[in-house]
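If you want the building blocks of each chain, they are given just below.
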Amino acid sequence: MLLRVVAQIARTQTARTRGARRTRQQKRGRDTLYGEARVLAFARSLGNLERTAMKYTVSIEIALPRERVVQLLADPAHLPKWLRGLVLHEPLSGEHGQLGTQSRVVMQMGQRKMECTETITRREPADLREIPTGSVVHFDREIVGEGMWSAVRDRLTEAGPETTLWESENEYRFSGFLMKLVGLLMPGAFRKQSRQHMQDFKAFAEQGKDVREATD
């Protein structure tokens, strides 16, 4: 009787040991698969660096007539009041804001400065006074900096007698490992910055607020 009990205990212990061994093997298998999945995802991310680009559209309504909004946007004297981080915006050729004009732009981004060249690629209508009702105002520009090319396509339409809808389509292409990595890992930062600029302009146009006087 004692021998049978001992034998049963031994069989039970052996089964438990085998079960624990199988559990450890299964866990190692899952860990291996998880590790392989992470490696594969990282490899795919590196592959995406070869074709890093993005495009998005942001919009905002401004409680002012469109003609007034367009004139405020086009006036270079107002740029420092709403374009947060602007250090310098000077024409290299042509007249500020006119079709074909190239400008040197310097922006303060945290602790570093970024310099780029802006080219006006579309401005319709050329005369921003007495814009026909129902028409769409287009203002497009290309911006080239170190490791980055971008295009901004602005459309301004009448949302009401005293309201303007500003839609901004933004496209980015990156070159160089660092900028491609930034574009891949932080796409939301670019959209957030575009929206911030629009909100700053709205506050300036509607309330006269100047970003240089902000305390936050």
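Just so we're clear, the structure is a prediction, and the values are computed from it rather than from any experiment.

### Thoughts on the overall build of the protein chain
So, step 1. Helix and strand counts for the protein chain come out as five helices and seven strands.
So, step 2. In the protein chain, the succession of helices and strands from N to C terminus is α-β-α-α-β-β-β-β-β-β-α-α.
So, step 3. In the protein chain, which comprises 216 residues, the proportion classed as buried is 31%.
So, step 4. Considering only contacts in the protein chain between residues 6 or more positions apart, those separated by 24 or more positions represent 53%.
So, step 5. Summed over all atoms, the accessible surface of the protein chain reaches about 14,000 Å², with 54% contributed by carbon and sulfur.

### What to know about the side chain of R141
So, step 1. Here R141 lies in strand β5 (residues 137–145).
So, step 2. Among the polar contacts listed, one links the side chain of R141 to the side chain of D154, at a separation of 3.0 Å.
So, step 3. If we ignore the near neighbours within four places in the chain, the residues touching R141 are E118, T119, I120, T121, S150, A151, V152 and D154.

### Brief notes about the environment of V70
So, step 1. Mapped onto the elements of the fold, V70 is located in helix α2 (residues 66–74).
So, step 2. A relative accessible area of 5% places V70 in the buried class.
So, step 3. On a C-alpha basis, the gap between V70 and W166 in space is 9.6 Å, while along the polypeptide they are 96 residues apart.
So, step 4. Excluding anything up to four places from it in sequence, V70 contacts L128, I131, V137 and L156.

Reading the values: rules and limits
Residues numbered from 1 in each chain as written. Predicted model: local features only at pLDDT ≥ 70, side-chain atom pairs only at ≥ 80, totals over all residues. Heavy atoms only, no water. Helix = DSSP H or I, 4+ residues; strand = E, 2+ residues; numbered from the N terminus. Buried < 20%, exposed > 50% of the residue type's maximum accessible area, 1.4 Å probe, protein only. Contact = heavy atoms within 4.5 Å. Areas by Shrake-Rupley, 256 points an atom, 1.4 Å probe, with all protein chains shown as cover. Polar contact = N/O pair within 3.5 Å; in protein donor to acceptor, adjacent residues only side chain to side chain.

By themselves, these are just geometric observations and shouldn't be taken as functional.
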